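Examination of the molecular architecture
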Amino acid sequence: MLDLLITHATLADGRRDMSIAVQDGKIAEVAPGLDASAHETVDAQGQLLSAPFVDAHFHLDATLSYGLPRVNASGTLLEGIALWGELKPLLTAEALIERALAYGDWAVSQGLLAIRTHVDTSDPSLLPVEALLEARRLMAPYLDLQIVAFPQDGVLRTPGGLDSLTRALDLGVDVVGGIPHFERSQAQGAESVRLLCELAAQRGLPVDMHCDESDDPLSRHVETLAFETQRLGLHGRVTGSHLTSMHSMDNYYVSKLIALMAESRLNVIANPLINITLQGRHDTYPKRRGMTRVPELMAAGLTVAFGQDCVMDPWYSLGSGDMLDVAHMGLHVAQMTSQEGMRQCFEAVTSHPAHIMGLDRFGIAPGKEASFVLLQARSAAEALRLRATRLRVYRRGRLLAQTPASTTRLDLPGRPAETSRIAQDRTGAL
Ligand SMILES: [Zn+2]
């Protein structure tokens, strides 16, 4: 007797009428038209069953703090960093944990079951670090959390910055972070990349740096990150987040840089909602989009994910933990509107970030963890178009969240009343 059987599901790769058998928290079988008895059987009615959403770039210590102690008037990255500096002395561990848990609830309800969050290590008290370690412990039964030691004000620019970051790692933080473009000079930025990659190599940890989050076409920290990755043999373990400078770089230089990145198997995380709102702020017209070169990096064989980065914090007043919203923006900014491009954008919020976070137990295949999301959509492209309702969210075979299907009742003059799924009923399987 199976624990759970899902029937008539469509998968993100386009396979239809599939059954998924679940036993002991794992996927036992994936096949068309399975007939087996189970404690619970769910007829998916042709809707999309997807691997969970994964966000490989977030700031859980800042989330849901919008308006504290004031709003970001200019909306710029630098005012956001200054505002975060004003907020930090006012933070308490209790409030940080409470906001992190509230966001975790939003995430699970949206089928977002794994988050890599950066935590600011600049303050020697490490209060945000201890708060997020506690949040990780409290959420472990329902959400995978990875924590990155992130020296927001620059590991070399902050007095004692390297010591604070190292102590955060000693406390159990999972990943080494950095922000080379925020150091005082290009040389200091390069020095910070070298130091932090060496620290990660010594400790056997992954690296995930905010790298060249600027519009400066001459910034060269991505090159340094790729070089240090190759020099220290960290292939596949290092991630560059943002890389927005690549948008503005000379095309000849980028043709060399992407080959260096591929050689060191650098992972890439773009943050479309944040990049499109924070970059190009000094431009008049035309305004640059600022997001890194996503389709070109994917074509070179690099793993590229889309992250949420911010939700209602000093940098961004919007967001809801909906990774389809993130992928929808990424698709538009990168002009990835082909069928293949849309599929890649869906993977950029599911399988790609799972790969970056080392979560190879995620996926709809035998032997994988039985964590998945049933969406009110009949394809990945339709899920993106509608930012589809998450009907059911499972983790390790256990139902964690349910949302009723979205329907509309129409009472139009001269026509019989009807209830329908307006935007979905017209489209068939596209
Ligand atoms: Zn970030």
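What counts, and where the lines are drawn
Residues numbered from 1 in each chain as written. Predicted model: local features only at pLDDT ≥ 70, side-chain atom pairs only at ≥ 80, totals over all residues. Heavy atoms only, no water. Domains from an automatic or database assignment. Contact = heavy atoms within 4.5 Å. Buried area = accessible area lost by both parts, 1.4 Å probe. 1 Å grid on protein atoms, 1.4 Å probe; cavity = no way out; pocket = protein on both sides within 12 Å on 5 of 7 lines; lining within 4 Å. Points joined across faces, edges and corners; volume = space filled by probe spheres on them. Helix = DSSP H or I, 4+ residues; strand = E, 2+ residues; numbered from the N terminus. Nonpolar A, V, L, I, M, F, W, Y, C, P; charged D, E, K, R; others polar. Donors = N, O, S within 2.8 Å, 3.2 Å for Na, K, Ca; no water. Tetrahedral: all angles 85-135°; square planar, octahedral: opposite > 155°, others 65-115°. Phe/Tyr/Trp six-rings, centres within 6.5 Å; stacked < 30°, edge-to-face > 60°. Buried < 20%, exposed > 50% of the residue type's maximum accessible area, 1.4 Å probe, protein only. Salt bridge = Lys/Arg side-chain N within 4 Å of Asp/Glu carboxyl O. Axes fitted to C-alpha atoms, helices over the stretch in contact; angles between N-to-C directions. Parallel < 35°, antiparallel > 145°, perpendicular 65-115°, else oblique. Left-handed = near helix turned anticlockwise from the far one by under 90°. Core = buried A, V, L, I, M, F, W, Y, C linked by side-chain atoms within 4.5 Å. Pairing = 2+ DSSP bridges.

**Points about the domain arrangement of the chain**
Domain assignment breaks the chain into domain 1 (2-51 + 364-420) and domain 2 (53-356). One C-alpha centre belongs to domain 1, the other to domain 2; they are set 31 Å apart. At the interface, 21 residues of domain 1 touch 22 residues of domain 2. Between domain 1 and domain 2 lies a buried interface of about 1,600 Å² when both sides are counted; carbon and sulfur atoms form 66% of it. Area buried by domain 1 at its contact with domain 2 is led by Leu384, Arg390 and Arg395, which between them contribute 41% of it.

**Here's the deal with the layout of surface pockets**
If you add up the space inside the largest pocket, you get close to 480 Å³. Taken together, 28 residues make up the lining of the largest pocket; nearest its centre are Leu77, Leu78, Glu213, Ser214 and Gln279. For the lining of the largest pocket, the secondary structure elements donating two or more residues are helix H1 (77-87) and helix H9 (272-278). With three residues, the top contributor of residues to the lining of the largest pocket is H1. Counted as a void, the second largest pocket has a volume near 400 Å³. Together, 22 residues line the second largest pocket, and Ala12, Ala51, Ser351, Gly363 and Ile364 are the ones closest to its centre. The residue inventory of the lining of the second largest pocket, partitioned by class, reads eleven nonpolar, five polar and six charged. Counting the residues that make up the lining of the second largest pocket, at least three belong to each of domain 1 (2-51 + 364-420) and domain 2 (53-356).

**A few points about the coordination of the zinc ion**
All of the protein donors around the zinc ion are His57 (NE2), His59 (NE2), His210 (NE2) and Asp309 (OD); their distances to the metal are 2.1 to 2.5 Å. Note that the zinc ion binds four donor atoms; their angles at the metal cover 86 to 177°, and the shape is irregular. Within one chain, the residues donating to the zinc ion are spaced in sequence as H-x1-H-x150-H-x98-D. Of this pair, His59 sits in the loop between strand S6 (53-58) and H1 while His210 sits in strand S10 (residues 207-211), and the two are 151 residues apart along the sequence.

**Here's the deal with the packing of aromatic side chains**
A complete count under the given rule lists five aromatic pairs for this structure. Relative to Phe346, the ring of Phe53 lies with its centre 6.0 Å away and its plane at 70°, an arrangement referred to as edge-to-face. Residue Phe53 is found in strand S6, and its partner Phe346 is found in helix H12 (residues 339-347); the two are separated by 293 residues along the sequence. The exposure classification of Phe53 matches that of Phe346, with both residues buried. Relative to Trp106, the ring of Tyr103 lies with its centre 6.3 Å away and its plane at 45°, an arrangement referred to as tilted. One end of the pair, Tyr103, and the other, Trp106, are both in helix H2 (residues 93-109), three residues apart, so they sit about a helical turn from each other.

**Section: the pattern of salt bridges**
One pass over the structure, following the stated rule, counts 28 salt bridges. A salt bridge links Glu198 to Arg194, with the shortest nitrogen-to-oxygen separation between them at 3.2 Å. Within this pair, Glu198 and its partner Arg194 are both found in helix H5 (residues 186-203), separated by four residues, close to a single helical turn. Given the relative accessible area of 22%, Glu198 is considered partly exposed. Under the relative-accessibility criterion, Arg194 is labelled partly exposed at 27%. The salt bridge partner of Arg231 is Glu228, with a shortest N-O separation of 2.8 Å. Highlighted residues: Arg231 and Glu228, both in helix H6 (residues 221-231), separated by three residues, approximately one helical turn. Residue classification places Arg231 among the partly exposed residues on the basis of a relative accessible area of 40%. Look at Glu228 and you get buried, because its relative accessible area is 6%. Each of the salt bridges in this network shares a partner with another, and the network as a whole consists of Asp144, Arg361, Glu369, Arg395 and Arg396.

**Concerning the side chain of Thr303**
Assignment of secondary structure puts Thr303 in the loop between helix H10 (294-299) and strand S13 (304-306). Ignoring any residue separated from it by four or fewer positions in sequence, one finds Thr303 in contact with Asn267, Val268, His352, His355 and Ile356.

**Comments concerning the packing of H2 against helix H3 (residues 127-139)**
Describing two packed helices takes the angle between their axes plus the distance from one axis to the other. Where H2 contacts H3, the axes come no closer than 9 Å and their chain directions differ by 40°. Between H2 and H3, the angle is such that the two are oblique. When you trace H2 past H3, the crossing you get is right-handed. Contacts between H2 and H3 involve Ala93, Leu96, Ile97, Ala100, Leu101 and Gly104 from the first element and Leu127, Pro128, Ala131, Leu132, Glu134, Ala135, Leu138 and Met139 from the second.

**Looking at the nonpolar core**
Core analysis: the biggest nonpolar cluster contains 102 residues, and Met246, Met261, Val294 and Phe306 have the highest contact counts within it. When residues of this core are assigned to domains, at least three fall in each of domain 1 (2-51 + 364-420) and domain 2 (53-356). One finds Leu4, Ala9, Leu374 and Tyr394 within the second-largest nonpolar core, a separate group that totals 18 residues.

**Some remarks on the pairing of S6**
Burial runs high along S6: six of the six residues are buried. Sheet topology note: the S6/strand S7 (residues 112-120) ladder contains four bridges and is parallel. The partner of Asp55 across the bridge, within S7, is Ile115.

**What to know about the packing of H5 against H6**
Direction vectors running N to C along H5 and H6 enclose 30°, while the axes themselves pass 10 Å from each other. On the basis of their axis angle, the class for H5 and H6 is roughly parallel. Between H5 and H6 lies a crossing of right-handed hand. Residue-level inspection shows Gln186, Gly189, Ala190, Val193, Arg194, Cys197 and Glu198 of H5 in contact with H6, the latter providing His221, Thr224, Leu225, Glu228 and Arg231. Tallied by class, residues from the contact of H5 with H6 come to four nonpolar, four polar and four charged.

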